[in-house]
Every structure is written in structure tokens, then in C-alpha cells.
Amino acid sequence: MSQLIHKFFLNDNYMVLDVNSGAVHIIDELVYNILDENGLQNIEEVIENLSDRFVTERIIEAYDEIQYLVDSDILYSKESDPDILDYNKENIIKAMCLHVAHDCNLKCKYCFASQGNFKGERSIMSFETGKKALEFLAKNSGKRRNLEVDFFGGEPLMNFQVVKDLVAYGRELEGIYHKNFRFTITTNGVLLDEDKMDFINNNMENVVLSLDGRKQVNDNMRLTISGEGSYDVIFPRIKRMVELRGDKDYYVRGTFTSNNTDFGKDALEFYKNGFKKISIEPVVAPDEMDYALRTEHLNEVLKEYEDFSKQYIELKRNDPDFMFFHFMIDLDQGPCIIKRAVGCGAGSEYIAVTPEGEIYPCHQFVGEKEFLLGNLDSGISNTGLRERFKSANVYTKKECRECWARFYCSGGCHANAHYANGDILKPYEIGCEMEKKRIECALSVMASLSEEE
């Protein structure tokens, strides 16, 4: 039986999440003790269990309040019918990761892209291939107007003239196809200069800047080609980029490993240096790598999320502009049930394109030939693979069907599942546990801050 509610206590808040409706309730200790995660007991059982701790009249009053929420279908609500997931039947593509450079000027130890070449030859995307990619997206996007394009690598600044030319070409296509291209770029910052910063700020909806936090943490994992730490090279460039960026979107993005499970200190280092929009992601690596996150590290990682959430609340009280990606959660304008069930849309709504024009489900599958969807000339020829990704959702993943967090993580990352378990339908267990803790932290942060409004 799938879990109907999830209750937890964190940051001085008793909370309950109704799994199927998405409703979140801040509750008191009595209500917390009445609620059973798999169904509401009858009032006689509740009184018998709690009468030694709470006054009977108050128990009855609280029980009636709970029953009202149940009758309103925002507590113990029924699960949606999975048959409604007629997902992307028109095979609309709305987002593209454009690999303009399979080359890099760093050699980060944990790089899933094999230091930029994605297990193949180093290569650079031509302007002609990039044009085909943008045309392919425009022609296969149906009636969707806003289209997302992320310039990616390797390191995309190593092919920056093509990036500039493709942005200009995208603007031409907007008028022809009645689209709006929203461009993003992900960079390690090594080649950032004032001219590139100006172009990015004038043309990119978002920019992701890679840095791992404290100097010693960064320099342990993110190395220059000569094998030295990269912090002193990239930090001043990233700091200048953030200053120039102003109020436009950006993220300074780090990766934590088993070497820095105290990643909250890296988040605080980011904030101290003026970075207000940050993300620190857990590494996903084979267990045999010395920096991999393994089951033995899980408890300290989960505790670190909790500890940092307490610090984050205090920082947010004084600076509402500070944003830690994993503690951000939208309870007002959340996605529809289909989006909550299928997630990022990799292999269907979202694709990655290589410098040679090959099409993969997402950037993390690039170079894995079994996941080749097709190419820009022939289109999506591996339709069976596309259908496999379209059908990967919280209803088709056994572990997700029984998990309270399923409509927040949407089944997790397909690539993480594949690399951990050899199956996109079998979620990456360590990642699941971290995600559940992040959701609890995010909800408790919102509760703590909302009480002061």
C-alpha cells in the first residue's frame, strides 16, 4: 500500500504532507500523535492511545479538525488514476542541451563527461550543426512557444563564437516559427572575460557557474590541465560575473563528495563571497571511487542537510534574496499531476545534441550508444527508446509507488538510476534518501519563515 501522508518534526515544526494532494499542514504535537501514516484510526483507538498524555476533550476536538481536512480531500486524499498520464502523445520537444564543445580546460576528478570528451574524441560543434539543432527544436516543439536551450560542454566557452552566432540565429528563427528561445550557459569560468560576461548578461536567461565552495575543497577535485587547483583562476572571474549579473538569474553550482560531507560550510562560503543563488549537488559515482558517496556516508549527509537548514533559516530571515536550490519549493503554483509524475522529461520533451548532431535523452547519457535516440538529419529513429523514457514515471517505478516523496522528486534522475542500478526504472537509493531529507528541510524552512510573516 502506498503511503498516504508523511509526518515529521524538524526545525521546531510538526508537519504533515498529504502525498496525493500535495497539501502541507503545520500541526501541533497532539495532531502529530493522532495521525497514522497509512490511515486515520477511529476515535476510540485514538483516545485509548493518547489519554495518558492529552485531555480527552482536546483529543476529540483535534480529531474533528482532522476529519474536516479528510472530508475536504486534503488529508489522506485518494491517489490519482495513473491512466490519466497520456504523456506527450504528440512527442513535443521543449528543451535542448546543446553540446557545443566536447572539450574542456579542466580535468575534474568526478566529471561524468570524462573531462569533456564524453568517452569519445574531443570535438567542437560547427555553426551548421548548431543551426540544424535549433531548427530541429523549433520544428518539433508543436504549439509550445517558450523553448529552452542550454549551451553545454565540456566547456562551451571554448567554442564561444559559435555560441554567439547561434544566439543570433535563434533570434532569426523566433520570427519565422513564432518561438521564444531562452538561452542558458553552463561554464567553469576559466575563459570568462569582460566581453563574454557582457554577452552572457545581455543574451542568457540564466548562467550556471561551476565552483565547489571552499578553496581546499574545490582544488581537491577541480584541477587545471597541468594538475593544479583551479580556485585561484576561476574564483575572481565567477565573483565578477555575479557582480555584473545583478538581479538576473544565475547559479553558482558546487558538487560535494565523501571528502566534504560538511558541504554546509561550502554553502556558507558561497554566501560570504556574495553568491546569493547557489546549488551544491551530491556526486554520483561508482562505489570504488574514493570520493563516492556510499551508504556509510548517508547519516552524516542527512544530518548536514538538517544542520544547514537551521543556518539557512537564520540567513533568510536577514536576507530573503539568499536561495539554496534544494531548499526551494513551490506550494502555490506547482506543476500538474502529469509533470509531478514524469519529472524532467528526458528522452521525450528534453534532449541533448552532440557536436556531431547525435541525439541523446539528456546530457548524462551522451556517449552511451545504447541510449542513442537518433540524429539531426534522420530525427528520432529509436522510437522504442523514446517510449521507454516516456513510460518511466512514479507509477511504473515500484519503489516510487510506495514512497511519500514521489510527487516532489517525480521518480528521480533516470541517469542516476541507470548508472547505479542498470535500469532507469530502479531509482538510485542513496539519492532518494537525500532527496527526501531535502524536501523535509525545504518544507520546514518555509514553515519557519511563514510564521514570521
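Scroll up for the structure.
This section reports on the structure supplied with the text. No experiment lies behind these values; they were computed from the predicted model shown.

**Quick look at the packing of aromatic side chains**
Then, in step 1: The final tally for this structure, using the stated rule, is 27 aromatic pairs.
Then, in step 2: Consider the rings of Tyr312 and Phe324, whose centres lie 6.4 Å apart with planes at 65°: the pair is edge-to-face. Placement of Tyr312 in helix 10 (residues 298-318) and of Phe324 in strand 12 (residues 323-324) is noted, with a sequence separation of twelve residues between them. This pair shows no difference in class: Tyr312 is buried, exactly as Phe324 is.
Then, in step 3: Centre to centre, the rings of Tyr312 and Phe327 are 5.5 Å apart; their planes meet at 65°, and the pair counts as edge-to-face. Here the residue Tyr312 occupies a position in helix 10, and Phe327 occupies one in the loop between strand 12 and helix 11 (337-342), the gap between them amounting to 15 residues. Each member of the pair, Tyr312 as well as Phe327, carries the same accessibility label: buried.
Then, in step 4: An aromatic cluster is defined as three or more aromatic residues linked by ring pairs; in this entry it consists of Phe256, Phe263, Tyr271, Tyr305, Phe308, Tyr312, Phe322, Phe324 and Phe327.
Then, in step 5: The residue whose ring lies beneath Lys131 is Tyr169, and the NZ or CZ to ring-centre distance is 5.2 Å.

**A short note on the environment of Gly246**
Then, in step 1: Tracing the sequence through the fold places Gly246 in the loop between helix 8 (231-245) and strand 10 (251-256).
Then, in step 2: Judged by relative accessible area, Gly246 falls into the partly exposed class, the value being 47%.
Then, in step 3: Distance in space between the C-alpha atoms of Gly246 and Ala267 is 20 Å, their sequence separation being 21 residues.

**A short note on helix 9 (residues 264-272)**
Given 3.6 residues per turn, any residue in an α-helix points the same way as the ones three and four places further on.
Then, in step 1: All buried positions along helix 9 are accounted for by Gly264, Asp266, Ala267, Glu269 and Phe270.
Then, in step 2: Looking at the buried side of helix 9, the elements it contacts are helix 7 (215-221), helix 8, strand 10, strand 11 (277-282) and helix 10.
Then, in step 3: Of the residues one or two after helix 9, Gly274 is the one with positive phi, at around 90°.

**Concerning the packing of helix 10 against helix 16 (residues 429-450)**
Then, in step 1: Contact geometry for helix 10 and helix 16: axes closest at 10 Å, N-to-C directions at 20°. Here helix 16 runs roughly parallel to helix 10, going by the angle between their axes. As helix 10 packs across helix 16, the resulting crossing turns out to be right-handed. In this structure, helix 10 uses Leu298, Val301, Leu302, Tyr305, Glu306, Ser309, Tyr312, Ile313, Lys316 and Arg317 to contact helix 16, whose residues at the interface are Ile430, Glu433, Met434, Lys437, Arg438, Cys441, Ser444, Val445, Ser448 and Leu449.

**So, the packing of helix 9 against helix 10**
Then, in step 1: At a closest axis distance of 9 Å, the pairing of helix 9 and helix 10 adopts a crossing angle of 25°. Compared by their axis directions, helix 9 and helix 10 come out roughly parallel. Taken together, the residues of helix 10 that come into contact with helix 9 (itself represented by Gly264, Lys265, Ala267, Leu268 and Tyr271) are Glu304, Phe308, Gln311 and Leu315.
Then, in step 2: Considered class by class, the residues forming the contact of helix 9 with helix 10 number five nonpolar, two polar and two charged.

**Points about unusual backbone geometry**
Then, in step 1: The step from Gly153 to Gly154 runs through a cis peptide bond, and the omega angle for that step is 15°.
Then, in step 2: Summarising the element assignment, Gly154 is placed in the loop between strand 7 (146-152) and helix 5 (160-177).
Then, in step 3: Within the chain, Asn11 stands out as a residue other than glycine whose phi angle is a positive 55°.
Then, in step 4: Here Asn11 is to be found in the loop between strand 1 (5-10) and strand 2 (13-18).
Then, in step 5: A positive phi angle, close to 65°, is found at Asp73, a residue other than glycine.
Then, in step 6: By the secondary structure assignment, Asp73 is in the loop between helix 3 (56-71) and strand 4 (95-99).
Then, in step 7: Classification of Asp73 by relative accessible area gives partly exposed; the value is 42%.

**Some words on the sheet that holds strand 16 (residues 379-380)**
Then, in step 1: Strand order across the open sheet formed by eleven strands is 12-11-10-9-8-7-4-13-14-15-16, with mixed pairing between neighbours. Here the strands that pair on one side only, and so sit at the sheet edges, are strand 12 and strand 16.

**Re the pairing of strand 11**
Then, in step 1: Burial analysis of strand 11 places six of its six residues in the buried class, which makes it a mostly covered element.
Then, in step 2: Burial along strand 11 is two-sided: Lys277, Ser279 and Glu281 facing one way and Ile278, Ile280 and Pro282 facing the other are all buried.
Then, in step 3: Relative to strand 11, strand 10 runs parallel, the two being bridged by five bridges. Residue pairing for strand 11: Thr255 is matched across the bridge by Glu281.
Then, in step 4: For the crossover that starts at strand 10, traverses helix 9 and ends in the parallel strand 11, the hand is right-handed.
Then, in step 5: Two elements, strand 11 and strand 12, share two bridges in a ladder whose sense is parallel. When the sheet's bridge partners are listed, Lys277 is paired in strand 12 with Met323.

**Topic: a nonpolar patch on the surface**
Then, in step 1: The grouping of Ile124, Met158 and Leu191 at the surface amounts to a nonpolar patch, some 220 Å² of accessible area in total.
Then, in step 2: With respect to the helices, strands and loops of the structure, Ile124 is situated in strand 6 (residues 123-124).

**Quick word on the environment of Asp232**
Then, in step 1: Relative to the assigned elements, Asp232 resides in helix 8.
Then, in step 2: Distance in space between the C-alpha atoms of Asp232 and Asp212 is 12 Å, their sequence separation being 20 residues.
Then, in step 3: At 3.1 Å, the side chain of Asp232 and the side chain of Lys215 are in polar contact.

**With respect to the nonpolar core**
Then, in step 1: If you look at the biggest cluster of nonpolar residues, it comprises 114 residues, and the most contacted ones within it are Leu98 and Phe151.
Then, in step 2: Residues in contact with Phe151, not counting those within four places in the same chain, are Leu98, Val100, Pro156, Val163, Leu166, Val167, Phe183, Thr184, Ile185, Thr186 and Met204.
Then, in step 3: Core analysis: the second largest hydrophobic core is formed by 18 residues, Ile34, Leu35, Tyr63 and Tyr76 among them.

**Remarks on the pattern of salt bridges**
Then, in step 1: Following the criterion strictly, the structure yields 32 salt bridges and no others.
Then, in step 2: Among the ionic pairs, Arg58 bridges to Asp28, the shortest N-O distance being 3.0 Å. Placement of the pair is Arg58 in helix 3 and Asp28 in the loop between strand 3 (24-27) and helix 1 (29-34), with a sequence separation of 30 residues.
Then, in step 3: Relative accessible area serves as the criterion here: at 28%, Arg58 is assigned to the partly exposed category.
Then, in step 4: Note on Asp28: relative accessible area 32%, which makes it partly exposed.
Then, in step 5: Across the pair Glu128 and Lys131 runs a salt bridge whose closest N-O atoms are separated by 3.6 Å. Pair noted here: Glu128 and Lys131 are both in helix 4 (residues 127-139), with a separation of three residues, about one helical turn.
Then, in step 6: According to the relative accessible area criterion, Glu128 is partly exposed, its value standing at 49%.
Then, in step 7: Classification of Lys131 as buried rests on a relative accessible area of 18%.
Then, in step 8: In the salt-bridge network here, residues are joined through shared partners; they are Arg214, Asp262, Lys265 and Asp266.

Conventions used here
Residues numbered from 1 in each chain as written. Predicted model: local features only at pLDDT ≥ 70, side-chain atom pairs only at ≥ 80, totals over all residues. Heavy atoms only, no water. Phe/Tyr/Trp six-rings, centres within 6.5 Å; stacked < 30°, edge-to-face > 60°. Helix = DSSP H or I, 4+ residues; strand = E, 2+ residues; numbered from the N terminus. Buried < 20%, exposed > 50% of the residue type's maximum accessible area, 1.4 Å probe, protein only. Lys NZ or Arg CZ within 6 Å of the ring centre and 35° of its normal. Contact = heavy atoms within 4.5 Å. Axes fitted to C-alpha atoms, helices over the stretch in contact; angles between N-to-C directions. Parallel < 35°, antiparallel > 145°, perpendicular 65-115°, else oblique. Left-handed = near helix turned anticlockwise from the far one by under 90°. Nonpolar A, V, L, I, M, F, W, Y, C, P; charged D, E, K, R; others polar. Pairing = 2+ DSSP bridges. Right-handed = clockwise from strand over helix to strand, strands pointing away. Patch = residues over 30% accessible without salt bridge, like charges linked within 9 Å, V, L, I, M, F, W, Y side chains within 5 Å. Areas by Shrake-Rupley, 256 points an atom, 1.4 Å probe, with all protein chains shown as cover. Salt bridge = Lys/Arg side-chain N within 4 Å of Asp/Glu carboxyl O. Polar contact = N/O pair within 3.5 Å; in protein donor to acceptor, adjacent residues only side chain to side chain. Core = buried A, V, L, I, M, F, W, Y, C linked by side-chain atoms within 4.5 Å.

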